[in-house]
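# Examination of the molecular architecture
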Amino acid sequence: LARASIEVLEKGESGIFHIAGGSWLSRYEFAKAISRIFEFDGDLCLPIKTQELKKKKKRPLNGGLKCDKLKQTLGWVPRQAETVLTELKIKFFDAE
């Protein structure tokens, strides 16, 4: 996020840039990735349908940000979620 923000500013660009990870994951898929990489009990992650949440406001079934403008401007998009999670685990939990 920081790198992309700085590079966009350095290029003198303006407007709205979506800056998000390079992968589309549901909340469930993200939770499963976290549990797998950090060696938590993935069976504790249970999928649930959006309708089951009984929220007052409707939420889109597929959320996410398109980073096409970022990729066109900078020539790259942020790394995949699993790559970043693995790096975090190595840096902060496996470094002992």
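Details of the structure are given in the entry above.
The structure presented is a predicted model; accordingly, all values stated were derived computationally and were not measured. (Residues numbered from 1 in each chain as written. Predicted model: local features only at pLDDT ≥ 70, side-chain atom pairs only at ≥ 80, totals over all residues. Heavy atoms only, no water.)

## What to know about the side chain of T73
Summarising the element assignment, T73 is placed in helix α3 (residues 68-74). Here K69 takes part through its backbone oxygen, which lies 2.9 Å from a polar atom of the side chain of T73. Here T73 is in contact with K11, E13 and F17, once residues within four sequence places are set aside. (Helix = DSSP H or I, 4+ residues; strand = E, 2+ residues; numbered from the N terminus. Polar contact = N/O pair within 3.5 Å; in protein donor to acceptor, adjacent residues only side chain to side chain. Contact = heavy atoms within 4.5 Å.)

## Topic: the side chain of K89
Its place among the elements puts K89 in helix α4 (residues 81-92). Within polar-contact distance, the side chain of K89 engages the side chain of E39 at 3.4 Å. With residues up to four places along the chain from it excluded, the contact list for K89 reads I37, F38, E39 and D94.

## A short note on the layout of surface pockets
Take a probe with the size of a water molecule and roll it over the atoms, and the empty space left behind shows itself. Approximately 990 Å³ is the volume found for the largest pocket. In terms of lining, the largest pocket is formed by 34 residues, of which the most central are W24, L25, S26, R27 and G63. For the lining of the largest pocket, the secondary-structure elements that each account for two or more residues are α2 (27-37), α3 and α4. Counted by class, the lining of the largest pocket contains 18 nonpolar, 8 polar and 8 charged residues. Its volume calculated, the second largest pocket comes out at about 210 Å³. Taken together, L1, R3, A4, I19, A20, G21, W76, V77, P78, R79 and V84 form the lining of the second largest pocket. In the lining of the second largest pocket, the residues fall into 8 nonpolar, 1 polar and 2 charged. (1 Å grid on protein atoms, 1.4 Å probe; cavity = no way out; pocket = protein on both sides within 12 Å on 5 of 7 lines; lining within 4 Å. Points joined across faces, edges and corners; volume = space filled by probe spheres on them. Nonpolar A, V, L, I, M, F, W, Y, C, P; charged D, E, K, R; others polar.)

## Re unusual backbone geometry
The residue E39 is not glycine, and still its phi comes out positive at about 60°. With respect to the helices and strands, E39 occurs in the loop between α2 and α3. The phi torsion at K54 lies on the positive side, around 55°, for a residue other than glycine. Structurally, K54 is set in the loop between α2 and α3.

## A closer look at the packing of α2 against α4
Look at α2 against α4: their axes get within 10 Å of each other, and the N-to-C directions meet at 35°. Where α2 crosses over α4, the handedness of that crossing is right-handed. Listed contacts from α4 to F30, A33, I34, R36 and I37 of α2 are A81, E82, L85, T86 and K89. Residues belonging to the contact of α2 with α4 are distributed by class as follows: 6 nonpolar, 1 polar and 3 charged. (Axes fitted to C-alpha atoms, helices over the stretch in contact; angles between N-to-C directions. Left-handed = near helix turned anticlockwise from the far one by under 90°.)

## Regarding the packing of aromatic side chains
Counting across every chain of the model gives 2 aromatic pairs. Ring centres of F38 and F40 lie 6.1 Å apart, and the angle between their planes is 15°; on these two criteria the pair is classed as stacked. Measuring from centroid to centroid gives 5.4 Å for F38 and F93, while their planes differ by 90°, and the two rings are edge-to-face. In this pair, F38 is assigned in the loop between α2 and α3 and F93 in the segment after α4, connecting sequence segments 55 residues apart. Classification of F38 as buried rests on a relative accessible area of 17%. Taken together, F38, F40 and F93 form an aromatic cluster joined through their ring pairs. Cation over ring: K69 sits above F17, and NZ or CZ is 4.4 Å from the ring centre. (Phe/Tyr/Trp six-rings, centres within 6.5 Å; stacked < 30°, edge-to-face > 60°. Buried < 20%, exposed > 50% of the residue type's maximum accessible area, 1.4 Å probe, protein only. Lys NZ or Arg CZ within 6 Å of the ring centre and 35° of its normal.)

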